[in-house]
Amino acid sequence: MKKTLQEIAAIVGGRVAGDEAIEIDGLDNIAGAGAGDLTFAVEPHIEEAKTCKAAAVMLPEGIEDFPKTALYVDDPRAAFAKLLEIFTPKLERPAEVSAKAHVGKDVKLGQNVTIMPFAMVDDHAVIGDNVVLYPHTYIGQYAEIGDDSVIYSNATVREHCRVGKRCVVHSSAVIGSDGFGFTTKDGVHTKVPQVGIVVLEDDVEIGAHDGIDRAAMGATVIGKGTKIDNLVHIGHNCKIGANCLIVAQTGISGSTTVGHNVTFGGQVGTVGHINIGANSVYAARSGIIGDMPEGVFCAGFPVQSHTEWLRMQAAMKKLPEMRKKISQLEKKLAKYEG
Amino acid sequence: MKKTLQEIAAIVGGRVAGDEAIEIDGLDNIAGAGAGDLTFAVEPHIEEAKTCKAAAVMLPEGIEDFPKTALYVDDPRAAFAKLLEIFTPKLERPAEVSAKAHVGKDVKLGQNVTIMPFAMVDDHAVIGDNVVLYPHTYIGQYAEIGDDSVIYSNATVREHCRVGKRCVVHSSAVIGSDGFGFTTKDGVHTKVPQVGIVVLEDDVEIGAHDGIDRAAMGATVIGKGTKIDNLVHIGHNCKIGANCLIVAQTGISGSTTVGHNVTFGGQVGTVGHINIGANSVYAARSGIIGDMPEGVFCAGFPVQSHTEWLRMQAAMKKLPEMRKKISQLEKKLAKYEG
Amino acid sequence: MKKTLQEIAAIVGGRVAGDEAIEIDGLDNIAGAGAGDLTFAVEPHIEEAKTCKAAAVMLPEGIEDFPKTALYVDDPRAAFAKLLEIFTPKLERPAEVSAKAHVGKDVKLGQNVTIMPFAMVDDHAVIGDNVVLYPHTYIGQYAEIGDDSVIYSNATVREHCRVGKRCVVHSSAVIGSDGFGFTTKDGVHTKVPQVGIVVLEDDVEIGAHDGIDRAAMGATVIGKGTKIDNLVHIGHNCKIGANCLIVAQTGISGSTTVGHNVTFGGQVGTVGHINIGANSVYAARSGIIGDMPEGVFCAGFPVQSHTEWLRMQAAMKKLPEMRKKISQLEKKLAKYEG
């Protein structure tokens, strides 16, 4: 969508200082705005906006000597929110089961459900009220999706798994793939049946391409309110607590228990069969190789306290210098001994 | 599903000691069992079960003074297996090609094939006996799926690729995406056509979100019996040996050859164009930057023997202390020299 | 496909020295060729080909004393290219919108578009000329796909996102999933609406299972000609420059700006909200934790110059030896002091 600054001024009831004919094709914040964008600024960001790349800046009345084309309005925030709705039209979608979707036998469908074309709900599944299933989602046999949850395109919820209320499962996520369990005899690996399930409690968000493996027996559990970023692996039988944040590309090995309110930065890894205490933060790339207490801030691989990690990193940079000093000391001492 | 302990006792022919009215809604092992679960215990796990969180524990006759509600049976393992089948109903699915699937022209379909709604088998593909294709699988032109293989939802097997017998390809895996090959001139990258294929030999398991790139020319090969966990990247032209285990989030760069029976822990990485010998284990996070012999146990980045890695890690923790000692030595020596 | 060497000789107009009855079922380069394969060799690779595993080698006339079965032709490269076309039949596909696809209302379709079964183009989307949409692709409302782009199976382009001309989006990639943005109060995380989009400029290639998150506001941008390998995460509001190469399993955190012509090796990670200068190379596993200048070659975590990293790695291997030396120095000095 493109609009001239003049057209935009008419929409928000503002006044242009500069070239009214500028064409605006996007909206962004000060740092992100490029050549065709409109941004907005209020104190204390007016100074920063003077050198931004935006085509024009929406400002409150009273800002003088602004060096770029400006659009003066009463309330820049409110005006920007109004423009966002115009530049990003709301999605419209009837709450209905598409004739091009497939709903199996003995499925329970709640009220006001949206099932888009090519979504498939397999036999005996239970779909709660107001659930939205995007195209190419697959909800397996006996699986349950709680009220008000959204499952995006190409995501899978395999048989018997349970998704809570108000959950968001992003595109191509897989809930309930088999855990990685094998017995090995004479070098040949034989699959251990993975007969458990995955339970996502209420208010969980699962990122694009997350894989949450089903338990060998029992359940892999993601606690209420936990939010998981993209490309995260959760092994079978993990029990992740409530309100955790798990940043992209982290991997939690099987049968690991994590307390509530734990943050894992990006690309963290853990071994399996450990307990990680609540209320903790693990910096990006942490490698956790054993049980961890509550309330810690850690980093590194093998993981240590963040303070110790900083000290060790500082010392590592001095390593070549340390080698040199040791060599000098040896020479001096040899001179005395000689 | 919920059943009272009394109902469960009737099913397995057992005797309850404690509250028969307890409602059981899940089954799990001792460590994983939560408030509504039933677990079971036999020696040497009886002691551990005394303090578990399960609502009730199934025990063999003869165990006395058990502090929790117990369900006594002749053979707890057998009874538990029976309950697992009741709590997790078997999936029923006719072996048929759904009228809502799409099968292209000149496709060869074996006996007893299951093709679920919205699966697509493209022209000239070959599907073996007893193959199961879940919804939203895409089998490309001239691709082949061997007998008894299962391809889960949203997985892709691109054109000309070959999947062996008894393989399992998990949801959203991609077999045969283009290798990452470009020529660069004046800073501009031009795609090198990737005209090779992927061959999965028999008994291979491919995890959710694995990407196995097709060869530039020839084949990327995953050897017989090799099992790959989730979110693993195998670059073009790799030749992975038989009976390997590749744990989650590992990446093997292009044209790398791996011998048989090699285990890669999670989040391992390798450079390309190297040979990694057979019968070896690489710990999680190993970073392999050159050819490796057979029969090693390694760790670290750059990779080294596991023993050396442990020694180096121990020394690293002493680094701040070492810096202090060097400084003290320098002062003492300066005193002598002064 | 299988052909005898005699049949192949007839196709390319060559002469066999050795067993004409050998059955060839594949073509590969010298290093990759296995027992049933034909390869080819020209100088300086003739020597290497003498010990390769191929069933036969195609050679130029004039090479004598070759120890393996050979097929002599005028131009081995040209003959091999001809055979590649025969062994790998070209894909045939009419440029048409399948009756089994779903195209929503108010969609603009260009000329010569291919939309395969079970692909879905949602309302108000714009599809350019010669675009190919594989099965199970989902193109969201108001999304745009530029001329000559190919979107492979199970990929998602969410609402309002824009894909440029001549782009390739590989299977199961997700363009425009929500950025990972939450506000936290009393330990409970509340989603920040992600109302921005993703823009892929022209000639971009997106790997299998890449997740490119939509901006919180404004756009996440992948610059013209940038090529991204598999399983890469690009956080919301990132601005990636032109002609970058991003190798597999790398993660770029949100709001990071990357200049043009930057190469990230595999499994690299960056923190968010930083600027990474143009014309640089970051080795595999680099961990970038702050702003970076242009024109550097770096490695390590935290990242440092590649030269310093090599020096530090060398010193680290000497760590146990350094500990011993310090201990010896302390003893000697104690002797003098005593």
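Residues numbered from 1 in each chain as written. Chains lettered and ligands numbered in written order. Predicted model: local features only at pLDDT ≥ 70, side-chain atom pairs only at ≥ 80, totals over all residues. Heavy atoms only, no water.

Peer 1: So what's going on with the state of the cysteines? Residues and values would help.
Peer 2: Enumeration over the complete set of coordinates arrives at zero disulfides over all chains. Distance from the sulfur of A:Cys52, which forms no disulfide, to the nearest cysteine sulfur (C:Cys238) is 20 Å. By relative accessible area, A:Cys52 is classed as buried at 9%. Just so you know, B:Cys238 is unpaired, no disulfide at all, and the nearest cysteine sulfur is the one on B:Cys244, 11 Å from it. (Disulfide = S-S within 2.5 Å. Buried < 20%, exposed > 50% of the residue type's maximum accessible area, 1.4 Å probe, protein only.)

Peer 1: Tell me about the environment of C:Glu159, residues and numbers included.
Peer 2: Tracing the backbone shows C:Glu159 in the loop between strand S17 (156–157) and strand S18 (162–163). Between the C-alpha atoms of C:Glu159 and C:Gln141, which are 18 residues apart in sequence, the distance is 4.6 Å. Residue contacts for C:Glu159: discarding those within four places in its chain leaves A:Leu91, C:Gly140, C:Gln141 and C:Arg214. At 3.1 Å, the side chain of C:Glu159 and the side chain of C:Arg158 are in polar contact. (Helix = DSSP H or I, 4+ residues; strand = E, 2+ residues; numbered from the N terminus. Contact = heavy atoms within 4.5 Å. Polar contact = N/O pair within 3.5 Å; in protein donor to acceptor, adjacent residues only side chain to side chain.)

Peer 1: How would you sum up the relation of the copies chain A and chain C? Please name residues and give values.
Peer 2: Superposition of chain A onto chain C requires a rotation of 120 degrees combined with a translation of 0.1 Å along the rotation axis, giving an RMSD of 0.1 Å. The superposition of one copy onto the other is thereby described by a three-fold rotation axis. (Least-squares fit on C-alpha atoms with pLDDT ≥ 70 in both.)

Peer 1: Break down the interface of chain B and chain A for me, citing the residues and quoting the values.
Peer 2: Every contact between the two is made by 58 residues of chain B and, on the other side, 69 residues of chain A. By the criterion of area lost to chain A, the three top residues of chain B are B:Phe118, B:Arg285 and B:Arg323, representing 12% of everything that side buries. Between the two partners, chain B and chain A, sit 26 residue pairs in polar contact (both at pLDDT 80 or more). Looking at the side of chain B that touches chain A, the elements that each hand over two or more residues are helix H3 (76–87), strand S27 (227–228), strand S30 (245–246), helix H4 (306–317) and helix H5 (319–337) of chain B. Residues belonging to the side of chain B that touches chain A are distributed by class as follows: 29 nonpolar, 16 polar and 13 charged. (Buried area = accessible area lost by both parts, 1.4 Å probe. Nonpolar A, V, L, I, M, F, W, Y, C, P; charged D, E, K, R; others polar.)

Peer 1: Please give an account of the side chain of B:Ser286 that cites residues and values.
Peer 2: Counting through the fold element by element, B:Ser286 comes out in the loop between strand S36 (281–282) and strand S37 (287–288). What makes B:Ser286 buried here is its relative accessible area of 0%.

Peer 1: Break down the pattern of salt bridges for me, with residues and values.
Peer 2: Counting across every chain of the model gives 43 salt bridges over all chains. The salt bridge involving A:Asp122 is made with B:Arg93; its shortest N-O contact spans 2.9 Å. Taken together, the residues span two chains, with A:Asp122 in the loop between strand S11 (120–121) and strand S12 (126–127) and B:Arg93 in the loop between H3 and strand S8 (102–103). Judged by relative accessible area, A:Asp122 falls into the buried class, the value being 2%. For A:Arg166, the salt bridge is made with A:Asp203, and the minimal N-O distance between the two is 2.8 Å. (Salt bridge = Lys/Arg side-chain N within 4 Å of Asp/Glu carboxyl O.)

Peer 1: Can you break down the sheet that holds strand S35 (residues 275–276) of chain A residue by residue, with the values?
Peer 2: Residues and elements named next belong to chain A. Taken in spatial order, the nine strands line up as S9-S12-S15-S18-S23-S26-S29-S32-S35 in an open sheet, and their pairing is parallel. Looking along the sheet, the strands with just one partner apiece sit at the ends: strand S9 (108–109) and S35. Strand direction decides the pairing type here: strand S15 (residues 144–145) and strand S18 (residues 162–163), joined by two bridges, are parallel. Considered in S18, the bridge of isoleucine 145 is made with valine 163. (Pairing = 2+ DSSP bridges.)

Peer 1: Please provide a residue-by-residue account of the interface of chain A and chain C, values included.
Peer 2: Between chain A and chain C, the residue contacts involve 58 residues of the former and 69 residues of the latter. Surface buried jointly by chain A and chain C totals about 5,100 Å² across both partners, of which 63% is contributed by carbon and sulfur atoms. Between chain A and chain C we count four salt bridges in total. The residue C:Lys239 makes a salt bridge to A:Asp28 at a minimum N-O spacing of 3.4 Å. Those elements that provide at least two residues to the side of chain A that touches chain C are helix H3 (76–87), strand S27 (227–228), strand S30 (245–246), helix H4 (306–317) and helix H5 (319–337) of chain A.

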